[in-house]
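Coordinates in review
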Amino acid sequence: MKFPKEFLWGGATAANQCEGAWNEDGKGASIQDYMPHGIMQGPSEVIDKHNLKLEGIDLYHHYKEDIALFAEMGFKVYRMSIAWSRIFPNGDDEKPNEKGLEFYDNVFDECKKYGIEPLVTLSHYETPYHLAKKYDGWRSRDLIGFYEKYVRTVFTRYKGKVHYWITFNEINSIWHFPLMGAGILTPKNSLSAQDLYQAAHHELVASALATKIGHEIDSENKIGCMVLGLTSYPRTCNPDDVIATMEESKRGYFFTDIHMRGYYPSYALKMMEKEGVVLDATDEDLEILKNTCDFLSFSYYMSKCIASNPEQYEKGKGNLTTGVKNPYLQESQWGWQIDPKGLRYLLNTYYDRYQKPLFIVENGLGAKDTLLSEEKDGYWVEDDYRIQYMNDHLAQVSKAIEDDGVEVMGYTSWGCIDLISASTAEMKKRYGFIYVDRNNDGTGTFKRYKKKSFYWYKNVIETNGKII
Ligand code: BG6
């Protein structure tokens, strides 16, 4: 298998799922600190001490050890997020929290020590809670200004230390979970199409503004958008299923088109018209949107099937959105359908559409791991299933590059170290190359153990993918 010489191999995490230290050194609460059950139940009124994310895997105090392990695997890049509420505890504060800024200085310095490039997500499902409570998150236009101040602060502070940025994690998730995607506390069933499109517009403007500011502050910065990437297949060749799939895809392309082309495409205007949405978009907003991204990044875990009559089929499972089940695919222990070829397909569709570099910034298998009673050949977890999953996906990435000519910048596997899952807020769903001793009931020592996949990935990186 062939990968370009400069291919950015690495792993990915998000602050709210791994850092812990939820109220240390001046950090304010984020929406995640009020979401003990992920997306499975609504937010809690008060901080629930059983919320595993409050302590995460305590990366806040283990970052040196963890980055050293990433370096041992040979990471070229480490995707992580800055917890917005570590920098601006309430989101609308006058001044940033110096302690929070220092923490990320230390993390970036540690990465630099090993020649690892940070890839920083500016907002990964962790809107400051105060902004959710006081403004109902991104429903308010005021959030654009607060986000602008935040990104200006971090772009300036980390100039020269960080060159790769992502504006919002899975920005298209607002359609499915407005709280996670846009910090909106109002329950989804009380939100109108107008509310959702308007909030999405505010995020899109903020994202383009971040791209503009990031380029102005450092012309070396590469700034990307990020979406939940889901390949959608028609369930059958019935033209009704094909049209239903086309309609579904438009909702998916809505965000990437605006980010990569710089304007609302005609189908998007029609979608809003049909749903009776009258967008409050100023001339200045439309001008800002013209600041398009340098790359498109996405997560990829599964594909889905679309049917014009979905009630006839068994429903599929997934993190935020699903269609109907595909009879040709196997599924993970959480019922997510595994489809490596769907990744090649998605890479091709995005590249054909935009002709801009792509970055796979999340992919991996959430599975229950068993810690061995004793070390075996240097590892503690025999996770051949994970190796198989990633091997099969990387083989398809290689095909997209070699056979199809797609430009892929890199690959960061999700949860390169075990962390708290987003949708179900649990520890037992593990993605990592590194096992962390923490359990669903909150017990555990936080000790780190290498898995068999640790050595496999090290070898993949060392050989630039030749062993795949
Ligand atoms: C993506 C998110 O949707 O999926 C991550 O960006 C998340 O934050 C990942 O962790 C996997 O989902 P889950 O629910 O298994 O953690």
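Since the model is a prediction, treat every value here as computed from it, not as a measurement.

Brief notes about the overall build of the chain
A tally of helices and strands in the chain yields 14 helices and 10 strands. Relative to its length of 468 residues, the chain is compact, with a C-alpha radius of gyration of 21 Å against a globular reference of 23 Å. Projected onto its principal axes, the C-alpha positions of the chain cover 60 × 55 × 45 Å. Residue pairs in contact within the chain that sit at least 24 positions apart in sequence constitute 75% of those at least 6 positions apart.

Observations regarding the nonpolar core
Counting 138 residues, the largest nonpolar core has Ile-82, Leu-347, Leu-358, Val-397 and Val-408 as the members making the most contacts within it. Sequence-distant contacts of Val-397, defined by excluding residues within four places in its chain, comprise Leu-343, Leu-347, Ile-360, Val-408 and Tyr-411.

A few points about the site of the ligand
Taken together, 17 residues are adjacent to the ligand, and Asn-319, Gly-366, Ser-421, Ala-422 and Ser-423 come closest. For the shell around the ligand, the class distribution of residues is 6 nonpolar, 8 polar and 3 charged.

Considerations on the UniProt feature "active site" (unreviewed entry) in the chain
Residues given the UniProt feature "active site" (unreviewed entry) here are Glu-362. Turning to its location among the elements, Glu-362 is positioned in strand E7 (residues 358–362). For Glu-362, a count of 24 C-beta atoms within 10 Å puts it in the buried group. Not counting chain neighbours up to four residues away, the residues in contact with Glu-362 comprise Ala-12, Ser-299, Tyr-300, Thr-412 and Trp-414.

Considering the confidence of the model for the chain
Residues of the chain with pLDDT of at least 70 account for 100%, and the chain-wide mean is 97. Across the predicted assembly, pTM comes out at 0.98 and ipTM at 0.99.

Description of the pairing of strand E5 (residues 222–234)
Counting buried positions along E5 gives 11 out of 13 residues, so the element sits mostly inside the fold. Pairing analysis gives 3 bridges linking strand E4 (residues 164–166) to E5, with the strands arranged parallel. Residue pairing for E5: Trp-165 is matched across the bridge by Ile-223. Two strands pair when backbone bridges link them, and E5 and strand E6 (residues 295–306) are joined in this way by 10 bridges, in the parallel orientation. Pairing of Gly-224 across the sheet is with Phe-295, part of E6.

Quick notes on the pairing of strand E3 (residues 117–121)
Side-chain direction in a regular strand flips from residue to residue, so the side chains alternate between the two faces of the sheet. In terms of burial, E3 is a largely internal element, 5 of the 5 residues being buried. Alternating positions in E3 separate into two faces, Glu-117, Leu-119 and Thr-121 on one and Pro-118 and Val-120 on the other, with burial throughout. Where strand E2 (residues 77–81) lies against E3, 5 bridges are found, and the strand directions are parallel. Its bridge partner lying in E3, Val-77 is registered against Glu-117. With 3 bridges connecting them, E3 and E4 associate as parallel partners. By the bridge assignment for E4, Thr-121 is matched with Ile-166.

Some thoughts on the environment of Arg-139
If you trace the backbone, Arg-139 turns up in the loop between helix H5 (129–135) and helix H6 (142–157). In this structure, the C-alpha to C-alpha distance between Arg-139 and Val-46, residues 93 residues apart in sequence, is 22 Å. Residues within four places of Arg-139 in sequence aside, it is in contact with Ile-184, Asp-195, Gln-198 and Ala-199.

Notes on the environment of Asn-319
The residue Asn-319 is located in the loop between E6 and helix H12 (340–354) in this model. For the pair Asn-319 and Met-302, spaced 17 residues apart in the sequence, the C-alpha separation amounts to 9.5 Å. Non-local contacts of Asn-319, meaning those with residues more than four positions away in its chain, are made with Tyr-301, Ala-422 and Ser-423.

Structural notes on the sheet that holds strand E8 (residues 408–414)
Strand order around the closed barrel formed by 8 strands is E1-E2-E3-E4-E5-E6-E7-E8, with parallel pairing between neighbours. Between one strand axis and the next, the sheet turns by 30° as a mean value, whatever way the strands run. Contacts from helix H8 (residues 193–217) reach E4 and E5, with the element oriented near 145° to E5.

Section: H6
For H6, built from 16 residues, the straight-helix expectation of 22 Å at 1.5 Å per residue is met to within 8% by its first-to-last C-alpha distance of 23 Å. All of the buried residues along H6 are Leu-143, Ile-144, Phe-146, Tyr-147, Tyr-150, Val-151, Val-154 and Phe-155. For H6, the angular spread of the buried residues around the axis is 165°, confining them to a single face. In the core, the buried residues of H6 are packed alongside helix H3 (84–87), H5 and H8.

Side note on the environment of Tyr-135
Topologically, Tyr-135 is positioned in helix H5. With 20 C-beta atoms packed within 10 Å, Tyr-135 lands in the buried category. For the pair formed by Tyr-135 and Leu-185, sequence separation is 50 residues and the distance between their alpha carbons is 9.1 Å. Excluding residues that lie within four positions of it along the chain, Tyr-135 makes contacts with Ser-140, Asp-142 and Leu-143.

Focus on the packing of helix H13 (residues 384–402) against helix H14 (residues 452–462)
It is at 8 Å that the axes of H13 and H14 come closest, and there the two elements cross at 30°. Comparing the axis directions of H13 and H14 gives the class roughly parallel. Read as a crossing pair, H13 and H14 show a hand that is right-handed. Where H13 abuts H14, its residues Asp-384, Arg-386 and Ile-387 lie against Lys-452, Ser-453 and Trp-456. Per-class residue counts for the contact of H13 with H14 are 2 nonpolar, 1 polar and 3 charged.

Quick word on helix H9 (residues 239–261)
The terminal C-alpha atoms of H9, which comprises 23 residues, lie only 29 Å apart, well short of the 33 Å expected from a rise of 1.5 Å per residue. The largest bend in H9 comes to about 45°, at Tyr-253. When we look at burial in H9, the residues that qualify are Asp-241, Ala-244, Thr-245, Gly-252, Tyr-253, Phe-254, Phe-255, Thr-256, Ile-258, His-259 and Met-260. Tucked inside the fold, the buried residues of H9 contact H8, E5, helix H10 (266–274), E6 and H12. Among the residues trailing H9, Gly-262 stands out with phi positive, at a value near 90°.

Cut-off values and rules
- Residues numbered from 1 in each chain as written.
- Predicted model: local features only at pLDDT ≥ 70, side-chain atom pairs only at ≥ 80, totals over all residues.
- Helix = DSSP H or I, 4+ residues; strand = E, 2+ residues; numbered from the N terminus.
- Rg over C-alpha atoms; globule rule 2.2 N^0.38 Å.
- Contact = placed C-beta atoms within 7 Å.
- Core = buried A, V, L, I, M, F, W, Y, C linked by C-beta atoms within 7 Å.
- Buried ≥ 20, exposed ≤ 12 C-beta atoms within 10 Å, placed from the backbone.
- Near = placed C-beta within 6 Å.
- Nonpolar A, V, L, I, M, F, W, Y, C, P; charged D, E, K, R; others polar.
- UniProt positions renumbered as here; feature names shortened; annotations may be inferred.
- pLDDT = per-residue confidence, 0-100.
- Pairing = 2+ DSSP bridges.
- Axes fitted to C-alpha atoms, helices over the stretch in contact; angles between N-to-C directions.
- Expected span 1.5 Å × (residues − 1).
- Arc of directions from axis to C-beta.
- Parallel < 35°, antiparallel > 145°, perpendicular 65-115°, else oblique.
- Left-handed = near helix turned anticlockwise from the far one by under 90°.
- Bend = angle between axes of the 7 residues up to and from the residue.

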